[in-house]
Every structure is written in C-alpha cells, then in structure tokens.
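Residue-level listing of the chains:
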Amino acid sequence: MTKIFKPAFAAAAVSLALFAQGATAAEEQFFPIIGYRVGPYGANGQSLFGGFIDYLSYVNLKEGGVNGVKMTWEECETEYNNAKGVECYERLKGKAKASAGPIHPLSTGISYALIEKASADKIPLAMVGYGRTDAVDGSVFPYAFPLVTTYQMQASAIVKFIKDKEKGNLAGKKVVFLYHDSAYGKEPILALEAESRLNKFDLVQIPVAHPGNEQGAQWLKIRQEKPDYVIFWGWGVMNQTAIKAAQKVGFPRDKMIGSWWAGSEEDTVSAGDAAKGYMSATFNVSGKAVPVVADIEKVVYGAGKGNLQDASKIGTILYNRGISMAILSVEAIRKAQEKYGKGKAMTGEQVRWGMENLNITEARLKQLGATNLLPEVKTTCDNHEGSGKVKIQQWDGSKWVAVSEWLEGNKGLIHPLFQASAKQYAKEKGITPRDCAKEK
Amino acid sequence: MNFFFEVLIGGLLSGVMYALVALGFVLIFKASGVFNFAQGAMVYLAALSVVGCMEHGAPLWLAIILAFIIMTLFGIATEKFVLRKLVNQPPITLFMATIGLAFFIEGLAPMVFGSEPRALEIGIVDEPIEAILESANMVISKFDLVASGVAAVLVTVLALFFQYTRVGRALRAVADDHQAALSIGIPLQHIWAIVWGVAGFVALVAGMMWGARNGVQFALTFTALKALPVLILGGFTSVPGAIVGGLIIGASEKLAEIYIPPVMQSAFGGNFGGIEGWFPYVLALLFLLVRPEGLFGEKHIDRV
Amino acid sequence: MLYREAGQFKTTYAADQQLFPIRQDRLGVIALLAIGFVGVPLFASEYWFSAILIPFLVFSLAALGLNILTGYAGQLSLGSAAFMAVGAYAAYNFQLRVEGIPILVTFIMAGLTAAGVGILFGLPSLRIKGFYLAVATLAAQFFIVWCLTKFPWLSNNSSSGVISTQKMFIFGHEFDSPREKYLLVLSIVVFLSLAAKNMVRSSTGRAWMAVRDMDVAASVIGIRLMPTKLLAFAVSSFYCGVAGALYAFCYLGSVEPDGFSLELSFRILFMIIIGGVGSILGSYLGAAFILLLPIFLDIALPFFANLFGLPFSTATVSHIQVLVFGSLIMFFLIVEPHGLARLWQITKEKLRLWPFPH
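Calculation rules
- Residues numbered from 1 in each chain as written.
- Chains lettered and ligands numbered in written order.
- Predicted model: local features only at pLDDT ≥ 70, side-chain atom pairs only at ≥ 80, totals over all residues.
- Helix = DSSP H or I, 4+ residues; strand = E, 2+ residues; numbered from the N terminus.
- Rg over C-alpha atoms; globule rule 2.2 N^0.38 Å.
- Buried ≥ 20, exposed ≤ 12 C-beta atoms within 10 Å, placed from the backbone.
- Contact = placed C-beta atoms within 7 Å.
- Axes fitted to C-alpha atoms, helices over the stretch in contact; angles between N-to-C directions.
- Parallel < 35°, antiparallel > 145°, perpendicular 65-115°, else oblique.
- Nonpolar A, V, L, I, M, F, W, Y, C, P; charged D, E, K, R; others polar.
- Pairing = 2+ DSSP bridges.
- Domains from an automatic or database assignment.
- Bend = angle between axes of the 7 residues up to and from the residue.
- Core = buried A, V, L, I, M, F, W, Y, C linked by C-beta atoms within 7 Å.
- pLDDT = per-residue confidence, 0-100.
- Expected span 1.5 Å × (residues − 1).

Moving on, we come to the overall build of chain A. Each helix and strand counted, chain A has 15 helices and 14 strands in total. What you see for chain A is a C-alpha radius of gyration of 22 Å, in line with the 22 Å of a compact globule of 440 residues. Counting only C-alpha atoms and orienting by the principal axes, one finds that chain A spans roughly 70 × 55 × 50 Å. Taken across its 440 residues, chain A has 63% of its residues classed as buried. Long-range contacts, defined here as pairs at least 24 residues apart, represent 71% of the contacts in chain A between residues at least 6 apart.

See the structure below:
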C-alpha cells in the first residue's frame, strides 16, 4: 500500500499547484465530460459528444465564451460502464470545484449511481432524455435534471400521435410494446399502462433480452398478435435487429414507432432498405438546415477545431442532440451569470440555479439559430423537465424527416406518477423536500 | 399448430447462424486445445474488414478476398506472437490470453475501419418467401435459408478439407495427439498457424452472415455468447456437434421464448419474457448433467 | 540480505504454525495494515477513497472469492458477478424488510444468501469439469441477473429495477463519508482475508488443492468430493456476496441488475489470473493491476499524444486504450503466466541475497 501512499501525496501536490494556477488565470467555465467513444455504444457516443464539444468550441470561437468566460472541458472514457463512470466522476470532480458545467453521463446506469454523489458535491447532473425520470420533481432532486422530456412523457406523446392517426379513437386497438429488458426499457411501462386504461387499447408487453441481437421469437409473436402498432424501446444493436426482423415477418415499418434512442442514423443506415418508413420520436431534429448547425460547420470546422473524426456526421440526429444538450448547458450558465455576475465562472451551485430557471423561448431559440432544433424549455423547481414535447420523425431511406409538430405527452396523467415515485424516494432516503413555493 | 412449426423452423434457421460462430471455436479447440474467446471479436473484425474495404471502393468479391487475407495474416500472427509463447501453459492461461486478444481486436478494428454501424449488402433481402407465406401462412425467411445453405457448404468444404487433403489429415492427427503427430514429423506450429487461418475464414463467413443480418457493428462480438451453449451441447471437439447443437439450441430457445413466459406469468404474475439470455445455458447445463462431454464430445477417462 | 530468514528458529508449535512464519513478512503485513488503517486515512484525497481504494478493496474481496474457487479448488467459474449481485440485492432486502437489522449482520446474511445460491449452481460441478463447467456457470450469470430484473419484489417494486442502498449505521454512527466507508470496507476485507489465509492452509484448503490437482486421485485418498467442492462454491460465493453488498453499499450507492454483467465476471477472472491463481496475495495484486491500468492509460495516453504532437482524436485515444489493455494482458501472460504473485516471489528470492549476491 506504500504504492498508493506516494501518488496520493503527488496528487495532492499537483492539485495544489493547479489550484494556485486557477486563481490567476482568466475566467473559465469547466465542463466535466463523462462520456464514451468505445464499446457497444461507442458509435453513438462519438456523434453525441462530438456535437456537445463542438458547440462549446463554437461558443468560444464565435462570441469568445459566455460574456467572456471561456468554456473548457476534460473528457473521461466510461465505456458505458457504471463503475468506470463513477471513477471518472470522482476524477473530474476535483477540477469542478471552482466552476462546473452540468454533467451529461449519457447512461441511465451511471446517472443513477451519480445522483446522490452529485447532489452532495453540488454539481448539477443533466439527464437529457434518459436517467432517473422522477427527478422531474425538483423539490426532492435539486441537482438532477431530466431536461426537455422523459421516457414516460415520450411514451405518452407517442400514444397521442397514434391516436391522432387513428382519428382520436384507440378503443379496441392493439399496441405491442417491445422493449430492451433493462431499466431503460422498463421505465415507460407504468405510463403506457395508464394510457392503455385511459384510451382503452390493448397493450401487449414483449421484452427482449440484452443485447437483443436475436429477436426471431418476439417478432413471430408480434406477427401472431397482429397489433395495429408496435412501440419500440431499443438501444444499440437491438434497433437494427428489430427493423430487420420486422421485415423478416413482413410487419410494416411505418406502424413501428421507436423511442428517441432508437431513432438515429446509426440505427437505420445499417438496417439498409428495411428501415424505410420506420418512425421514431425525437426531441431534436436532424439536418444542417438548422442555422446553428450550419454555422458550427463553418466556424468550428473552418478553424480546424472540430471534434468529429468523420465530419459527415454533422447534422445527424445524435450530433444535433449533442448540440441541443450543449445549448441547454450553456444557456443555464448564461442564466446563472445574469444572477450571480456576468463574466464570472459559475460554480456548480450557481449553474444549478440557472438550470432550474431556464426559459428558452421560441424567440431565444431563434437568436441562437436553433429554431425547431429543440422545443421550448422552461424549467421550475417543481418541473425539472421543462418541456415534455417530442416530434415524430420518419426515415425516408436516406434521412430523417419530421412528420409531426411538437407533441406534448399527457402531463396530467404522467407527472403524478413522478411525484409519487419521488415521494417514495424521499421517504426511503430521509430527504425533506424543498418547498418550491419559496424557491425563486 | 401452424404457429408452432413457424417458430420451430425459424428457430432451426437461427440455430444455423449460431452454429456458424461455434464452428470457429471447435476448429481451434480441436487442434490446439485453446478455448478461443476471441472468436466473437474475430467475427467482428472479419465483417468490419469487408465493409471497410468496400468503403475504400473495392467491389464485394475483392473485399471478401482482402478480408480473407487480413484474417489469415491475423490468425498466423496470433499463433506466432501469442500462443506459441504460451505453449504448455495451463488451458486457463491460454483462455485468458484469448480474452486479451479479444480486447486487442475490439480496440484495433474500429480504430482502423471506424466504429459506426454499417450495412453489409450481399444481395439477399431478408424477407418472407411469398409462396410459403400464401400457401401455408408461414414466415420462412429467404435470408435464413441462404444462410443455412452457406453453412452446409462450409461444413462440407471443411469436411472434405479434413478428409482428403494432406494438411487436413495432418490437422486431424494433431487434434488426436500432439506428441504422436510431432513424432511422425508433422510440423506442429505450421499446423496451428493453418488452423488459425481456417478459423479466421470461418469467422469471415459468420461475420458476413451476421453482418448482413443485423448490420456490422460492435455487437457482432456478442455472437460468441450465442455460440457457447451450442458448444457445450455439441461438444467442444466436434464439427457435426456444432451444427446439431446449433439446431437444438436455436429451436428450443425460440420455442421456450414463446411458450414458457406465459406459463410463468400465470404462476407468478408479471411479465417473464426475455428468457433467451439464459435459457440456452440452462438447457445445455441440464443436458451436461446427463452427458458431461456434450453430444459428440470425446468421452474423457480419468486415470490416477 | 533484506529478506533473509536464517536465524529465525521456531521453538514452539504455535510459532511454527503462525500465519506468517517469517519475521519480515510479519513486519511487512503489520506495516501495511498500519498504513492502511492510519496512514491512508490521514493523507488520501476523496478521489483516492471513492474511485480507487474502495473499489480496489471490494474487487480484491471478489477476486479472493473467485480465487478460492478457481485457484484453490480448481473449479473455473464465470459467474462471480452474479453472486455479487445476489449479495447486493440480498443486503438491500434485509435492510429494507428486517426492522433494525445491524448493517454488519446484513452483510453476513448477504454473504450467506449468496453462498446458498452458490451451492445450488455448484451442484453441476460434481459431474462437469473444465471449460464445460465454465460455460455452465454462465447459466448462473445470466439466470440470476434475469431473476433480479423479473421479480419486482426484489427491487422493492422500483419501476426501473434499480435499487438505491440505505444508509449505514453502526452503533448509531452513520458511515457516509468516503473515509469512513473506506475504513469499514478495509476492516471487513482484512478480516475476511485473514480468514481465507487460514482456511486455505487448514485441512479444508488442502482438500481443495487435492481436488484441484486431480479429483479422482483425491477421492481415492479419501476426500469426499461432494462436500469439498460444494464448500468451495459456498465459501467463494460468500466472499463474492459480501463483495457485492459492499460494492452496492459502500461504492456505487445504487445498482441495477445489468451492472453485474458478464463483463464484470471477466474482470474478476482477469484479476486472479493476472494476479496469480491460487494465491491470496495475487488477488490483491491482480485487482490493483486491472483497476489501475485503465485509469493509468486514460491519463497517460492523451498526455503522450500531446507530448509527441500526435494528431489523435479522442475516439482514437479511447480505442488505443482498449488495444493496449488487451496487449498488456497478453504480454503479462507471456512474461509471467503465473501472475504477479509469482513475480513477487521471485523478487523475494532475489532479496534474500541482494545487494550482495556472492
């Protein structure tokens, strides 16, 4: 154990030196980036974190940072592994003492492992479209933000989309919910069950064992059930396999609606022609038509500072999603600076306040060049989600095309589920919820 | 009843796909006693090489040849730089070395060819055969039929190779008894290099089939997990065992996925689907209790 | 010179049978314990506690468990992670459902539950051997994880199947800072390691080794195979179960069944093979190596890439990490197939004469 002892000293000395340095340098806002670029989901991580980092570079290059505060970041590879995620968090946490942008772990497992730690260390945890969904109730989870929308609201919005297609009546219809048998796939079940009671449709739940590269039995079963729609919650290889297997049993792909993690180019391109007509939900659109995306390509890649190895991924769903996540983070910092002093680096605590008081309106999105990239987001203490809206998009064989407006899930039905679950968590953990009326 | 047969046939055809991966394991285990855990990674590498070469403008046939060369060179290098240095080590050490090899490939392959999932078009669409669909209302996939055909050809070629060529005979001799083979002048290390080359070829075939089926991506490495129960069922050392084991595992796992969860649901309540992850293993385990060396494995006699 | 045991005479049976018969070893262990219990808590940073030391100890314990089964009793298992999962979920449920149960008792019960499950999955070992058994233990791996996902009762009906562990109190004191958790884990691990050290040199341990070397021969000389093998499975699973409970309670704080994947089992297997099969010390060395190597690569590679101005993208660096990790494992196996523990032994041999080899 002497081995451990020495580096501990060295580490302490180094961190002291860094601290001294930090005090004299110009104001910088540090982003701990806990991400992954290898392993089973590495390809997804590359596009997404590429977009995230590119937007940060863009803010630095275009406007010299937020009110002069430059964005800096450090990446740590988790390989989508919970234990590694915790190690990364602990490693980067020390540097996030003086200033901290929100952490986006992009893994439900890692989010769960970090919720308590991040709250204790006062570092905001953003889980944009994944993670612990009952953290929507900010009174119990002050530092956790399932921003934009959650699985449950998404499921509800998909049901709404189907209902619109069926002219407002789902009674007697049959919907199959085909899901990855994990925390991710199981999360929407309660919401879908509630929807099925409300709208009187039949819900058949079919789980697929991890990793989901073999779905013959499930799809034969679907063929036998003859459902009107398949709602599909897959991730990684499960997505292509499902699309291919649907083709194999002749199930029409345009009756298949995936979650937003089952609707990116990574999922459809490799399924080839089988994917044509397949639909999925999304909370950000694809393409370079969005002004900010085009501008990033010009400014960041023009300056040779792009993060993507393969620039053809600019404008893909996941790349744009990374940009959306970065926009939310940067806007939170901007908001925090308005309250705590412009041109200063914000601590995690201050950024947390910014995230809780986000108000990204249509007008603001336009200023950012992000009109229609993502929905309007307005967070409060008792609503850390802020939007709950998704679009449905369809794969036309070469790109994703949005086929609906922003659809909001049934908040009245879903949000009470979150509150009940958050309440139970608070009780188990002995947390006294904040009084949201007093937060401002 | 119709549905039962549909599931059964679908399962048998999937089983062929498992057997394709299992074959690679068998070849290497038979000849050198190495339980090659990197076989899944080799499947990935092979499929990725094909796609990678095609992206650089090579037509499919050339890409396949190039991938074959890559796999052969890789197999020979593995034998020369890793396994030859570990001769006479306990099997578990060799096994670990192949896991290290798997990591090596999982880092190397996407670094060279890129890691985004890609489609591999080999000209067969994975669709139901219309005639059967109309006459019997059964879904039989064209693609799976082709895959079984490929597997049949592959096994035949391997059998002929083992039976009638000089190298094949040497391979069998080595598999029977290393020392006896050495003593009659068979160059053991050449043979091992060849075996790794052949295993690379099998991985290439498996990689193309699986890649065309699910897309070429990292998850191809997981195909190894589907092959392991096939292996223990069929025996580590038997080529026909891999095929028969594959068929049994494929069919029973699909039937189980359809018919067991409803039974459990009525017993416990709740949803018990998704048993494909463990069912083949438990089945193989139960089977082993009756025949500890697998279906076609060699009976092991212990002497004190 | 430094490590010369000449002149150390044993005059009593007690002295002859002590755990560390050589004085230098004894002193070394005492020094390590002193550093572990006093030095480290005084100086280590929070990062070291929660990202390095606690997981190191937890994984050492799991590796120790697997080493008992694989290294001493010769039964190859690929299901260690599943037994850790049993321990973690059992501990959670005991805390949840038994009013006022002390946390240490919980850990013991978690271990015992895992031991029970271990015996069940150890039964096939009576008939199956070698790699067939290894693949059969995969059945345990997948089946247990599936069960934990499928029975909502086990995760207290949480909709996602994720459990979040309870607070730990011992005599009314809450163990919540990383330092306290570290000390708790260290105490448990030290205690269990000493127990293991004793166990493997008792008649049980010798029976295990006889079975490992050749089970038919062992049965001929009168070792009853069934209880011996099953005991090995039980003890091994007990260790893994406790490790799993500590993994959940002291390290991650919240776990999901999928976290206890085959990959984790492999990591533990790596640890004992790199560390040394059939060596208690090896479990520690292996755990340290497998845990620290990726972290080291993570820090060192970008540094070198910068140093030489190599145009590596982040993705490439991540891929190189995996590649180097795999290569180093192969390299170590080639250089020293018997693991780091063997290297340490060789070092000790050298130290006997060093620095005056003649």
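Having put the structure on the table, let's press on.
As a further point, take the interface of chain C and chain A. Taken residue by residue, the interface counts 34 residues in chain C and 36 residues in chain A. Among the elements of the structure, α2 (23-43), α3 (46-72), α12 (280-307) and α13 (314-335) of chain C are those that each provide at least two residues to the side of chain C that touches chain A.

All names here are of chain B. Taken N-terminus to C-terminus, the directions of helix α6 (residues 142-164) and helix α9 (residues 188-214) make an angle of 180 degrees; their axes are 11 Å apart at the nearest point. As summarised for this structure, α6 and α9 are arranged roughly antiparallel, according to the angle between their axes. In contact with F143, A147, V150 and L154 of α6, α9 contributes V205, M209 and R213. Looking at the contact of α6 with α9 residue by residue, the class counts come to six nonpolar, no polar and one charged.

Right, let's get into the pairing of strand β5 (residues 174-180) of chain A. Residue and element names in this part refer to chain A. Within β5, six of the seven residues are buried, leaving the element largely enclosed by the surrounding structure. Taken together, the seven bridges between β5 and strand β6 (residues 202-208) define a ladder with parallel strand orientation. When the bridges of β6 are listed, K174 appears paired with D202.

Okay, unusual backbone geometry next. Residue and element names in this part refer to chain A. Here the residue pair H210 and P211 is connected by a cis peptide bond, since its omega of 0 degrees sits within 30 degrees of zero. Even without glycine at this site, K200 takes up a positive phi of about 60 degrees. The residue K226 is not glycine, and still its phi comes out positive at about 50 degrees. Checked against the element boundaries, K226 lands in the loop between α8 (216-225) and β7 (229-233).

So, about the domain arrangement of chain A. Residues and elements named next belong to chain A. Splitting chain A by domain gives domain 1 (28-149 + 286-378) and domain 2 (151-282 + 392-409). Contact with domain 1, which involves 14 residues of that partner, is made by 18 residues of domain 2. When contributions to the side of domain 1 that touches domain 2 are tallied by element, the ones reaching two or more residues are α2 (42-63) and α12 (317-340). When grouped by side-chain class, the residues that make up the side of domain 1 that touches domain 2 number six nonpolar, eight polar and no charged.

So, about the interface of chain C and chain B. Taken together, the contacts link 34 residues of chain C with 37 residues of chain B. Secondary-structure elements contributing two or more residues to the side of chain C that touches chain B are α6 (130-150), α9 (215-220), α11 (262-275) and α13 of chain C. Sort the elements by how many residues they give to the side of chain C that touches chain B and α13 of chain C lands first, with 12 residues. Split into classes, the residues belonging to the side of chain C that touches chain B amount to 28 nonpolar, four polar and two charged.

Before going further, it helps to spend a moment on α3 of chain C. Residues and elements named next belong to chain C. Where α3 bends most, at L66, the angle is about 30 degrees. Counted residue by residue, α3 has 26 buried out of 27 residues, so it is predominantly covered. Phi turns positive one or two residues past the end of α3, at G74, with a value near 75 degrees.

Let's shift gears to the nonpolar core. Membership of the largest hydrophobic core comes to 375 residues, with the highest contact counts inside it found for A47 of chain B together with L246 of chain C. In terms of residues, this core owes the most to one element, α3 of chain C, which gives 19 residues. Counting only domains with at least three residues in this core, you end up with domain 1 (28-149 + 286-378) and domain 2 (151-282 + 392-409) of chain A. Discounting residues that sit within four places of it in the chain, A47 of chain B has contacts with L120, G207, M208, W210, G211, V216 and L220 of chain B.

Residues and elements named next belong to chain B. On average, residues of chain B score 88 in pLDDT, and 99% of them are at 70 or above. When mean pLDDT is compared element by element in chain B, helix α2 (residues 39-55) scores highest at 93, while helix α5 (residues 130-136) scores lowest at 81. Under the prediction, the complex receives an ipTM of 0.89, its pTM being 0.90.

Moving on: the pairing of strand β12 (residues 389-395) of chain A. All names here are of chain A. By the criterion of burial, β12 is predominantly enclosed, with six of the seven residues buried. The pairing of strand β9 (residues 279-282) with β12 spans four bridges and is antiparallel. In the sheet register, S280 faces β12, and the bridge partner there is Q393. Direction of pairing for β12 relative to strand β13 (residues 400-402): antiparallel, over a ladder of three bridges. Opposite Q393, over in β13, you have A402 as the bridge partner. Counted along the chain from β12 to the antiparallel partner β13, the turn is four residues long, and its residue G397 has a positive phi close to 105 degrees.

Right, let's talk about the environment of A227 of chain B for a bit. Residues and elements named next belong to chain B. By the secondary structure assignment, A227 is in helix α10 (residues 223-234). It is 23 Å that separates the C-alpha atoms of A227 and R118, two residues lying 109 residues apart in sequence. When neighbours within four sequence positions are excluded, A227 is seen to be in contact with Y18, V21, A22 and F25.

A word on α10 of chain B. End to end, α10 of chain B covers 17 Å across 12 residues, agreeing with the expected 16 Å (1.5 Å per residue, within 8%). With 12 of 12 residues buried, α10 of chain B is to be regarded as a mostly interior element. Looking at α10 of chain B, one finds that the buried residues are T223, A224, L225, K226, A227, L228, P229, V230, L231, I232, L233 and G234 of chain B. Looking at the buried positions of α10 of chain B, the neighbouring elements they touch are α1 (2-32), α2, α9, α11 (239-268) and α12 (279-290) of chain B together with α6 of chain C.

Before going further, it helps to examine the environment of T241 of chain A. If you trace the backbone, T241 of chain A turns up in helix α9 (residues 237-248). Leave out the neighbours within four places in its chain, and T241 of chain A touches G212, N213 and Q215 of chain A together with N214 of chain B.

Residue and element names in this part refer to chain C. At a minimum axis separation of 11 Å, helix α7 (residues 178-201) and helix α10 (residues 225-252) run at an interaxial angle of 175 degrees. Here α7 lies roughly antiparallel to α10, going by the angle between them. Only V235, Y239, V242, L246 and C250 of α10 make contact with α7, whose side of the interface consists of K181, L184, V185, I188, L192 and M199. Residues that form the contact of α7 with α10 fall into these classes: 10 nonpolar, no polar and one charged.

For the rest of this paragraph, the subject is the environment of F251 of chain A. Residues and elements named next belong to chain A. Tracing the chain through its elements places F251 in the loop between α9 and β8 (256-258). C-beta crowding within 10 Å serves as the criterion here: with 20 such atoms nearby, F251 is assigned to the buried category. Each C-alpha atom of the pair F251 and L220 lies 9.9 Å from the other, and the pair is 31 residues apart in sequence. When near neighbours in sequence (up to four residues on either side) are disregarded, F251 contacts W219, I222, R223, V230 and A246.

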